[in-house]
Amino acid sequence: MDGKIIVDVKGVSKTYEGGVEALQDVHLAVPPGRLTTFLGPSGCGKTTLLKIIAGLIEPTAGDVLVKGRRISGPGPERAFVFQDFALLPWANVLRNVAFGLELRGMPVPERHAVARTYIAEVGLAGFEESYPSQLSGGMRQRVGLARALAVDADILLMDEPFSSVDEQTRRKFQEDLLALLGHQRKTVIFVTHSIEEAVYLSDRIVLLSRRPGKVSRVIESNIDRSGSPDDIRRDRNYLDAVDEIWRTLKAYLP
Amino acid sequence: MTIFGWRIPLAASLAVWFLAWEAVGQAKLSMIVPPVSAVVVAGMELMPTQKFLSAAWITLTAFGTGLGLAIVVGIALGVLMARVPRVGDILGLWVNIFVSAPISALVPMLMAIVGIGQATVVVTVFLFAVFVIILDTEVGVRQASPSLLEMARSFGASRRQLYAKVLILAALPEILAGVRLGVIRGVKGVVIGQLLISIIGIGEMFELYSRNFLMEEFWALVILVFLFAFAVSESVAWLERRIEYYAGAR
Ligand SMILES: Nc1ncnc2c1ncn2[C@@H]1O[C@H](COP(=O)(O)OP(=O)(O)OP(=O)(O)O)[C@@H](O)[C@H]1O
Ligand SMILES: [Mg+2]
């Protein structure tokens, strides 16, 4: 196994029943400990690719290797954060965050202790007993993130987690996510269709072409992330990367 | 209810109806309408009698057994129909026919098959209640959010966990609505079953009173059965309201 690659996508194609060809021969190597974003036009197969890596969808052809082993379904080393949050409406925040651990059969006191830690970590301390319907969209997604962190997977798969929250919440959430990941050392694969979000969060951006999705380019930028969020957004490299991606993506517009 | 532009509270409107009933009864307009006061007195006298208590017990047993079976079988079949396309295809049509079919017409046939007795009543209650429970459960399970199922799978849920921790709970509002309708139909079933057999339980008493024109006792019994049906369906409705906080948020 190559120590520099944690997720290896080898020649993955996906044709849905009904004949929609979502992905065509995708090759992609994801390095560990970094945040990689998938960026591409709507409907190009980003979600499909992420769910194939998660083991939730079977590829029509090709393989996905995680830590060198071929996957055949979901596994404990991967955790998913859903675009629509996917919270249990009948369970409070505490139980939702602990749900992954509950499924693993961890006893109640232990899993609640773990869940409380991560609830505090994502900034929701005090909301343990609230139900999802009582929370705002941004808070719900924090619950989704805490649930994924609680199972302590090495790989976090996030499908447009901020797409249904407002702009201010989204920015705050992005900053918090970077801060959180700064001391978690996880591999994150992040799907978005916002160029700014992709460049702000990651320095490894995989551009997918229009359907059927293929990897069209991998852009590595070198942004100095030591400064404040506003410094990052004014960084020369940040602006260059946004510009370069925009020029590439423009070519896919009809 | 409003009369001449006045809003009348429910209890008051009930009182008005009872007063009207009393008046008609006192006027002795019809043999089958005794004054409501006499009915209440008859009911009070009836309730502590050994005859009533044992009839009520037999009736409750038949109702409970039939309904319990209907709930277990109904939920299981409903889940199966929603999750296994083949089962849904095979049973769907029949369930839809039977849910609106006049089940009472089947009771004489049941008597021929099951015999005349408590078992027939249990089967009648079961048949009255089960189809609506199947149908509502199926709808509920079908409506369960696919993204919740995907979420559970992504966190490694086993098949059993998928059903116990996601599907059934997601379908609970519909299941309870089905059970409430099943309860109401079950009450009908137990009365109709016993009436048609007319040798056991409340049905036998109904038969006895109407044949001998004991209208006061007859109406007392009717009111008691109404009250029972109302109480049971209200308690299921109470359960439904308790879980409503999330039903609205789905
Ligand atoms: N279950 C399915 N059955 C059939 N076609 C599907 C299914 N899921 C997705 N598709 C189609 O496959 C293509 C890729 O879908 P996918 O959701 O992966 O795109 P996406 O890049 O995530 O899009 P978006 O930016 O809108 O989220 C789309 O054309 C979509 O309509
Ligand atoms: Mg998508």
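Criteria and cut-off values
Residues numbered from 1 in each chain as written. Chains lettered and ligands numbered in written order. Predicted model: local features only at pLDDT ≥ 70, side-chain atom pairs only at ≥ 80, totals over all residues. Heavy atoms only, no water. Helix = DSSP H or I, 4+ residues; strand = E, 2+ residues; numbered from the N terminus. Rg over C-alpha atoms; globule rule 2.2 N^0.38 Å. Buried < 20%, exposed > 50% of the residue type's maximum accessible area, 1.4 Å probe, protein only. Contact = heavy atoms within 4.5 Å. Areas by Shrake-Rupley, 256 points an atom, 1.4 Å probe, with all protein chains shown as cover. Lys, Arg positive; Asp, Glu negative; His and termini not counted. Charge placed at Lys NZ, Arg CZ, Asp CG, Glu CD. Axes fitted to C-alpha atoms, helices over the stretch in contact; angles between N-to-C directions. Parallel < 35°, antiparallel > 145°, perpendicular 65-115°, else oblique. Left-handed = near helix turned anticlockwise from the far one by under 90°. Nonpolar A, V, L, I, M, F, W, Y, C, P; charged D, E, K, R; others polar. Pairing = 2+ DSSP bridges. Near = heavy atom within 4 Å. Polar contact = N/O pair within 3.5 Å; in protein donor to acceptor, adjacent residues only side chain to side chain. Core = buried A, V, L, I, M, F, W, Y, C linked by side-chain atoms within 4.5 Å. Domains from an automatic or database assignment. Buried area = accessible area lost by both parts, 1.4 Å probe. Salt bridge = Lys/Arg side-chain N within 4 Å of Asp/Glu carboxyl O.

Asker: Explain the overall build of chain A to me, please; I cannot follow it from the model alone.
Answerer: When its secondary structure is counted, chain A shows nine helices and 10 strands. Here the C-alpha atoms of chain A give a radius of gyration of 18 Å, agreeing with the 18 Å that 2.2 N^0.38 yields for 254 residues. Referenced to the eigenvectors of the C-alpha coordinate spread, the extents of chain A come out at roughly 50 × 45 × 35 Å. By residue count, 54% of the 254 residues in chain A fall in the buried class. Looking at chain A alone, contacts between residues at least 24 apart form 69% of all its contacts between residues at least 6 apart. As presented, chain A carries roughly 11000 Å² of accessible surface, and 48% of it is formed by carbon and sulfur atoms. Here chain A carries 33 positive and 33 negative side-chain charges, and the mean point of each set is 2 Å from the other.

Asker: Is there a simple way to think about the environment of Phe230 of chain B in this case?
Answerer: Residues and elements named next belong to chain B. Assignment of secondary structure puts Phe230 in helix 11 (residues 215–242). A residue is classified by how much of its surface remains accessible, and Phe230, at 53% relative accessible area, is exposed. Taking C-alpha positions, Phe230 is 15 Å from Leu10, a pair spaced 220 residues apart along the chain.

Asker: It is not clear to me how the packing of helix 4 (residues 85–100) of chain B against helix 6 (residues 118–143) of chain B should be interpreted in this structure. Could you clarify?
Answerer: The relative placement of two packed helices comes down to the angle between their axes together with the axis-to-axis distance. All names here are of chain B. Look at helix 4 against helix 6: their axes get within 8 Å of each other, and the N-to-C directions meet at 130°. On the basis of the axis angle, helix 4 is oblique to helix 6. Seen from above, helix 4 lies across helix 6 with left-handed handedness. Along the contact surface, helix 4 presents Val95, Asn96, Phe98 and Val99, while helix 6 presents Phe131, Val132, Ile134 and Leu135. Within the contact of helix 4 with helix 6, the residues separate by chemical class into seven nonpolar, one polar and no charged.

Asker: Explain the sheet that holds strand 10 (residues 215–220) of chain A to me, please; I cannot follow it from the model alone.
Answerer: Pairing between sheet strands relies on hydrogen bonds along the backbone, with the strands arranged either parallel or antiparallel. All names here are of chain A. Reading across the sheet, the six strands line up as 6-7-8-3-9-10 and stay open at both edges, with mixed pairing between neighbours. Both outer strands of the open sheet, strand 6 (78–81) and strand 10, are each paired with one neighbouring strand and no more. Between one strand axis and the next, the sheet turns through 20° on average, direction left out of account. Pairing of strand 6 with strand 7 (residues 155–159), which is carried by four bridges, proceeds in the parallel orientation. Bridge pairing in strand 7 places Ala79 opposite Leu156.

Asker: Is there a simple way to think about the site of ligand 1 in this case?
Answerer: Residues and elements named next belong to chain A. In the vicinity of ligand 1, 13 residues are found, and the nearest of them are Gly43, Lys46, Thr47, Thr48 and Arg211. Cys44 places a main-chain nitrogen or oxygen 3.2 Å from an oxygen atom of ligand 1. Note that an oxygen atom of ligand 1 is positioned 3.5 Å from one of the side-chain N or O atoms of Glu160. Isolated, ligand 1 exposes 630 Å² of accessible area, and the fraction of that covered by the protein chains is 64%. In terms of residue count, the dominant contributor to the shell around ligand 1 is helix 1 (residues 46–54) (three residues).

Asker: Help me understand the nonpolar core in this model?
Answerer: The nonpolar side chains of a soluble globular protein tend to be buried with one another. Of all hydrophobic cores here, the largest spans 148 residues; its most connected members are Val7, Phe38, Leu145, Val199 and Ile245 of chain A. Here the element with the most residues in this core is helix 6 of chain B; it accounts for 13 residues. Counting only domains with at least three residues in this core, you end up with domain 1 (1–77 + 155–254) and domain 2 (83–152) of chain A. Apart from the residues lying within four places of it in its own chain, the contact partners of Val199 of chain A are Ile205, Ile223, Arg225, Tyr238, Ala241, Val242 and Ile245 of chain A.

Asker: Sorry if this is basic, but what is going on with the interface of chain B and chain A here?
Answerer: Often the size quoted for an interface is simply the accessible area lost on bringing the parts together. Each partner contributes residues to the interface: chain B has 18 residues there, and chain A has 23 residues. Buried area between chain B and chain A, both sides added, is near 1900 Å², and the carbon and sulfur share of it is 68%. Among the residues chain B hides against chain A, the three largest losses belong to Met151, Phe155 and Lys165 of chain B. Together they make up 33% of the total. Across the chain B-chain A interface, the total number found is two salt bridges. Lys165 of chain B is the partner of Glu102 of chain A in a salt bridge, and the nearest nitrogen-oxygen pair spans 2.8 Å. Seen at the junction of chain B and chain A, the total is five residue pairs in polar contact (both at pLDDT 80 or more). Sorting the residues of the side of chain B that touches chain A by element identifies helix 7 (146–154), helix 8 (159–170) and helix 12 (244–247) of chain B as the ones contributing at least two each. For the side of chain B that touches chain A, the element with the most residues is helix 7 of chain B, which contributes seven residues. Among the residues making up the side of chain B that touches chain A, the classes are represented as 11 nonpolar, three polar and four charged.

Asker: Before we go on, may I ask you to explain the domain arrangement of chain A in this structure?
Answerer: All names here are of chain A. Assigned domains of chain A: these are domain 1 (1–77 + 155–254) and domain 2 (83–152). For domain 1 and domain 2, the distance between their C-alpha centroids amounts to 24 Å. Counting residues at the interface gives 18 residues for domain 1 and 14 residues for domain 2. Summing both partners gives a buried area of about 1300 Å² for domain 1 against domain 2, and 58% of it is carried by carbon and sulfur. When the area that domain 1 buries against domain 2 is broken down by residue, the three leading residues are Leu156, Phe173 and Leu180, summing to 33%. At the boundary of domain 1 and domain 2, one finds two salt bridges. When the shortest N-O distance is used, the salt bridge between Lys186 and Asp152 registers 3.4 Å. For the interface between domain 1 and domain 2, the tally reads five residue pairs in polar contact (both at pLDDT 80 or more). Sorting the residues of the side of domain 1 that touches domain 2 by element identifies strand 7 and helix 6 (167–182) as the ones contributing at least two each. Partitioned by chemical class, the residues of the side of domain 1 that touches domain 2 number eight nonpolar, five polar and five charged.

Asker: It is not clear to me how the pattern of salt bridges should be interpreted in this structure. Could you clarify?
Answerer: Pairs can form between side chains of opposite charge once their charged atoms are near each other. Residue and element names in this part refer to chain A. Scanning all chains against the criterion turns up 21 salt bridges over all chains. Residue Glu167 is joined to Arg171 by a salt bridge in which the shortest nitrogen-to-oxygen separation is 3.5 Å. With Glu167 and Arg171 both in helix 6 and four residues apart, the pair spans about one turn of that helix. Assessed through its relative accessible area of 37%, Arg171 is described here as partly exposed. Among the ionic contacts, a cluster of salt bridges with common partners joins Arg34, Arg204 and Glu220.

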